[in-house]
Amino acid sequence: MSEIKVVGVLGAGTMGNGIAHVFARGGFDVRLCEVEQRLLDRGIETIRKNLDREAAKGKITADEVAASLKRIQGTLDRQSLAACDFVVEAATEKFEIKSQLFAELDSILPKDVILASNTSSISITKLAAQTERPEQIIGMHFFNPVPVMKLVEVIRGLQTSQATYDTVKALAEKLDKTPVEVNDAPGFVSNRVLMPLLNEAMYAVMEGVATPEAVDEVFKLGMAHPMGPLTLADFIGLDVCLDIMRVLHDGLGDPKYRPCPLLIRMVDAGWLGRKSGRGFYQYE
């Protein structure tokens with residue numbers, strides 16, 4: 001296993017640009033890959049804004065902002081990831097999309113390169129089976145906003161080797177993150193516990209138990225949560241919440257993971273939360 005200097009990040013959306021940001025801040029050269037120039041530009045612009053925000057708070061210097069941005073190279077060509085020593089996939093949370101990307105990346109990357117997924121619920125074991133390097137496939141689940149949140153769930157698939165796990169754990173620590181080891185199961189730990197909570201809060205609204213504001217207030221004041229479950233669902237994206245609930249329901253087969261019908265209707269209406277301007281709340 002060669003030393004990791006160049007890191008590929010596939011996807012420049014909310015999670016992908018955050019992951020590219022922390023690797024660049026950690027001194028790694030980053031290849032940030034997207035399917036469209038527009039999405040790539042938007043991702044790099046977000047990184048610039050977030051680095052400037054860190055500088056404004058005195059966490060980093062203007063020179064460090066410039067150096068971090070210089071380490072990030074945007075690309076639309078997946079083949080160029082062949083030059084990377086490590087790759088993290090941060091594409092849409094759908095197995096069909098991720099499995100196709102894993103098979104493609106497997107054919108592009110040198111044989112000893114570890115391929116990680118930032119998936120928040122999809123089976124690492126199943127993704128690993130799409131490749132010829134199953135022992136070098138692992139989950140590296142960052143939390144949003146990536147530059148701020150300390151946790152990384154490091155998920156072992158059935159086939160993941162100890163060497164792969166050790167490398168990724170050390171890498172997370174180098175990024176000033178706290179890795180927590182989790183085995184492969186639908187939703188891992190974070191979303192297996194969090195998503196049913198959000199889903200149940202939605203049932204409370206659907207059944208007229210309380211308004212979204214009241215549900216959130218109970219959690220902020222009664223359980224000391226920094227934001228209520230419905231505000232959090234809007235922040236994550238209601239479509240993402242629904243995808244994860246479906247993974248839990250299909251993977252664990254227990255009716256307690258049934259997605260709330262109100263959640264399904266809102267996603268059908270295009271009310272996806274903060275990113276679409278409307279979810280349980282309205283956004284400008």
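Residues numbered from 1 in each chain as written. Predicted model: local features only at pLDDT ≥ 70, side-chain atom pairs only at ≥ 80, totals over all residues. Heavy atoms only, no water.

Per an unreviewed UniProt entry, the protein chain carries the name 3-hydroxybutyryl-CoA dehydrogenase and comes from Alloacidobacterium dinghuense. UniProt lists a comment for the protein chain under the heading Sequence similarities (unreviewed entry), and it reads "Belongs to the 3-hydroxyacyl-CoA dehydrogenase family." (UniProt positions renumbered as here; feature names shortened; annotations may be inferred.)

## Side note on the overall build of the protein chain
Summing up its helical and strand segments, the protein chain has eleven helices and eight strands in all. The globule rule puts the C-alpha radius of gyration for 284 residues at 19 Å, and the 19 Å found for the protein chain is close to it. If you line up the protein chain on its principal axes, its C-alpha atoms span 55 × 45 × 35 Å. For the protein chain, the residues scored as buried account for 48% of the 284 residues in total. If you take every contact in the protein chain between residues at least 6 apart in sequence, the share linking residues at least 24 apart comes to 68%. Computing the positive centroid from 32 side-chain charges and the negative centroid from 38, the protein chain places the two 3 Å apart. (Helix = DSSP H or I, 4+ residues; strand = E, 2+ residues; numbered from the N terminus. Rg over C-alpha atoms; globule rule 2.2 N^0.38 Å. Buried < 20%, exposed > 50% of the residue type's maximum accessible area, 1.4 Å probe, protein only. Contact = heavy atoms within 4.5 Å. Lys, Arg positive; Asp, Glu negative; His and termini not counted. Charge placed at Lys NZ, Arg CZ, Asp CG, Glu CD.)

## Describing unusual backbone geometry
Here the residue pair Asn 144 and Pro 145 is connected by a cis peptide bond, since its omega of -5° sits within 30 degrees of zero. Relative to the helices and strands, Pro 145 is located in the loop between strand S6 (137–142) and strand S7 (151–156). Its identity as a non-glycine residue notwithstanding, Phe 188 has a phi of 55°, on the positive side. Looking at where Phe 188 falls in the secondary structure, it is placed in the loop between strand S8 (178–183) and helix H7 (190–206). Given the relative accessible area of 3%, Phe 188 is considered buried. One non-glycine residue, Ala 224, lies in positive phi territory at about 55°. Here Ala 224 shows up in the loop between helix H8 (212–222) and helix H9 (229–236).

## Describing the packing of aromatic side chains
With the rule as written, the count across this model stands at two aromatic pairs. Relative to Phe 86, the ring of Phe 23 lies with its centre 6.3 Å away and its plane at 45°, an arrangement referred to as tilted. Of the two residues, Phe 23 is situated in helix H1 (residues 14–25) and Phe 86 in strand S4 (residues 86–89); the sequence distance between them amounts to 63 residues. Pair check on accessibility: Phe 23 and Phe 86 agree, each one buried. Over the ring of Phe 95 we find Lys 126; its NZ or CZ atom is 4.6 Å from the centre of that ring. Cation over ring: Arg 278 sits above Trp 271, and NZ or CZ is 3.6 Å from the ring centre. (Phe/Tyr/Trp six-rings, centres within 6.5 Å; stacked < 30°, edge-to-face > 60°. Lys NZ or Arg CZ within 6 Å of the ring centre and 35° of its normal.)

## As for the packing of H9 against helix H10 (residues 238–252)
Interhelical geometry of H9 versus H10 gives an angle of 95° and a closest axis separation of 5 Å. Taken as axis vectors, H9 and H10 run roughly perpendicular relative to one another. Judged by residue contacts, Ala 233, Asp 234 and Ile 236 of H9 engage Leu 238, Val 240 and Cys 241 from H10. (Axes fitted to C-alpha atoms, helices over the stretch in contact; angles between N-to-C directions. Parallel < 35°, antiparallel > 145°, perpendicular 65-115°, else oblique.)

## A closer look at H7
For H7, which comprises 17 residues, the first-to-last C-alpha distance of 24 Å matches the rise-based estimate of 24 Å (1.5 Å per residue) to within 8%. Among all positions of H7, only Ser 190, Asn 191, Met 195, Leu 198, Asn 199, Ala 201, Met 202, Tyr 203, Ala 204 and Val 205 are buried. For H7, the secondary structure elements touched by its buried residues are S6, S7, H8, H9, H10 and helix H11 (261–268). (Expected span 1.5 Å × (residues − 1).)

## Details of the layout of surface pockets
The volume enclosed by the second largest pocket comes to roughly 330 Å³. In terms of lining, the second largest pocket is formed by 16 residues, of which the most central are Phe 95, Ile 122, Lys 126, Val 247 and Asp 250. When residues in the lining of the second largest pocket are grouped by element, the largest group, five residues, is from H10. Each of two domains, domain 1 (6–183) and domain 2 (189–275), supplies a minimum of three residues to the lining of the second largest pocket. (1 Å grid on protein atoms, 1.4 Å probe; cavity = no way out; pocket = protein on both sides within 12 Å on 5 of 7 lines; lining within 4 Å. Points joined across faces, edges and corners; volume = space filled by probe spheres on them. Domains from an automatic or database assignment.)

## Overview of a positive patch on the surface
A cluster of basic residues, Lys 49, Arg 53, Lys 57 and Lys 59, forms a positive patch on the protein surface. Of note, Lys 59 is situated in the loop between helix H2 (37–56) and helix H3 (62–71). Its relative accessible area of 56% is what places Lys 59 among the exposed residues. (Patch = residues over 30% accessible without salt bridge, like charges linked within 9 Å, V, L, I, M, F, W, Y side chains within 5 Å. Areas by Shrake-Rupley, 256 points an atom, 1.4 Å probe, with all protein chains shown as cover. Salt bridge = Lys/Arg side-chain N within 4 Å of Asp/Glu carboxyl O.)

## Quick look at the nonpolar core
Core analysis: the largest hydrophobic core is formed by 35 residues, its most contacted members being Ile 19, Phe 23, Leu 32, Phe 86, Met 140 and Phe 142. Ranked by the residues each element gives to this core, the list is headed by H1, at six residues. Beyond its immediate chain neighbours, meaning those up to four positions away, Phe 23 contacts Val 7, Phe 28, Val 30, Phe 86, Val 88, Phe 142, Leu 171 and Leu 175. (Core = buried A, V, L, I, M, F, W, Y, C linked by side-chain atoms within 4.5 Å.)

## Some thoughts on the sheet that holds S7
The strands making up a sheet associate through hydrogen bonds between their backbones, and the pairing can be parallel or antiparallel. Spatially, eight strands are ordered S3-S2-S1-S4-S5-S6-S7-S8 in an open sheet, and the strand pairing comes out mixed. What marks the edges here is a single partner per strand, and that holds for strand S3 (72–75) and S8. Neighbour-to-neighbour, the strand axes of the sheet open up by a mean angle of 25°, direction not taken into account. Looking at chain direction, S4 and strand S5 (residues 114–117) are connected through four bridges and run parallel. What sits directly across from Phe 86, in S5, is Ile 114. (Pairing = 2+ DSSP bridges.)

## As for the UniProt feature "domain: 3-hydroxyacyl-CoA dehydrogenase C-terminal" (unreviewed entry) in the protein chain
With numbering aligned to this structure, UniProt lists the feature "domain: 3-hydroxyacyl-CoA dehydrogenase C-terminal" (unreviewed entry) at residues 187–283. When the span residues 187–283 is considered, its composition is 61% helix and 0% strand, and the gap between its end C-alpha atoms is 28 Å.

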